[in-house]
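# Examination of the molecular architecture
Single-letter residue listing:
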Amino acid sequence: MRWWKIAGLAGLAGVAATGAVIARAERKRRAYTPEEIRGRLHERVAEVATRPEPEKP
């Protein structure tokens, strides 16, 4: 087998693996209900609001 065939197969395997990782992350992201997302956003906003501002030099 020539080196370019091996490189092509490795590239194809990389693309397939990347697609699988992206699909898994998308399924995990879409598993949240709107109420869960809203609650998490409210928690993040409250966390930022209570964080002291850094001093500017």
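Residues numbered from 1 in each chain as written. Predicted model: local features only at pLDDT ≥ 70, side-chain atom pairs only at ≥ 80, totals over all residues. Heavy atoms only, no water.

### So, the pattern of salt bridges
- Scanning all chains against the criterion turns up two salt bridges.
- Glu26 is the salt-bridge partner of Arg29, the closest N and O atoms lying 2.7 Å from each other. Of the two residues, Arg29 and Glu26 both sit in helix α1 (residues 3-30), three residues apart, roughly one turn of that helix.
- A salt bridge links Glu26 to Arg30; the shortest N-O distance between them is 2.6 Å. Pair noted here: Glu26 and Arg30 are both in helix α1, with a separation of four residues, about one helical turn.
- Each member of the salt-bridge network shares a partner with another, and the members are Glu26, Arg29 and Arg30. (Salt bridge = Lys/Arg side-chain N within 4 Å of Asp/Glu carboxyl O. Helix = DSSP H or I, 4+ residues; strand = E, 2+ residues; numbered from the N terminus.)

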